[in-house]
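# Chains, contacts and geometry: an overview
One-letter residues, chain by chain:
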Amino acid sequence: MPKIVKNTTFPGLFDLLAPHSCRGCGRIGDPLCNCCKNYIISHHQNLCPICHASNSIGRCVNCHQLPPIFIVGHRSDLIGQLVHDFKFHSVRDLARPLAEILNAVLPPTQGPTVIVPLPTITSHIRERGFSHTHLITKHFAKLRQDCQTSNLLTRARNTVQVGSSREKRLSQARTAYTLTDDSLINPSTTYILFDDVWTTGASLQSASALLQKAGAKNIIIAVLALSQ
Ligand SMILES: [Zn+2]
Ligand SMILES: [Zn+2]
């Protein structure tokens, strides 16, 4: 089993001074070697983020009112470390392997598919120099036929949720997003809503409700790491 190699240096410095090393096994080369990438994919076991029951089809028998949800793994696993380094240490080369993992874990979709990243707070994009969710969806769209990425969602507010109480975060999340254009929604298109981490799930659930209200019939929620 790959051990997590922690990057404790200043953001980005490690990758400027030294060649990449695999976050899973430490091998010099890529930030995630093929071996560790395949390990994550083959050990993936889908679970419901609400009640933690395992399922293989994204649909939970207990929480059936939600769209299918696919989560790669726990934040404390290697996938969580990869998300952390990608986001906070700006290891952009992780975007492609993270998209490949997501592609392997998500079921095939029928017909036109749109992957929609949950928009990041503007100040975070400025600090990091890129939108991490958008970069992953860009790579993901290249891996599937008839799939494109879209900025269908925008943030209604650019406030930070960290430090707020759970109730406050939940109510903020319910009004955090708006659709750029309702008329863009096509009932025959599959929409994959993507976020890097599931914390309360409120953001993803409110985004999913927005798409549904605008006429989307096929929605899948895709997340890399479960923070619980
Ligand atoms: Zn490795
Ligand atoms: Zn459940």
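Attention here is on the structure that accompanies the text. (Residues numbered from 1 in each chain as written. Chains lettered and ligands numbered in written order. Predicted model: local features only at pLDDT ≥ 70, side-chain atom pairs only at ≥ 80, totals over all residues. Heavy atoms only, no water.)

Bringing the pattern of salt bridges into the picture now. Under the counting rule described, the total for this entry stands at four salt bridges. Residues Glu-100 and Lys-37 are paired through a salt bridge, measuring 2.6 Å at the closest nitrogen-oxygen approach. Placement of the pair is Glu-100 in helix H4 (residues 95–105) and Lys-37 in helix H2 (residues 34–42), with a sequence separation of 63 residues. Taking relative accessible area as the criterion, Glu-100 reaches 19% and is therefore assigned buried. The residue Arg-96 makes a salt bridge to Glu-100 at a minimum N-O spacing of 2.9 Å. Here Arg-96 pairs with Glu-100, and both are found in helix H4, just four residues apart, close to one helical turn. Classification of Arg-96 as partly exposed rests on a relative accessible area of 48%. Connected through shared salt-bridge partners, Lys-37, Arg-96 and Glu-100 make up one network. (Salt bridge = Lys/Arg side-chain N within 4 Å of Asp/Glu carboxyl O. Helix = DSSP H or I, 4+ residues; strand = E, 2+ residues; numbered from the N terminus. Buried < 20%, exposed > 50% of the residue type's maximum accessible area, 1.4 Å probe, protein only.)

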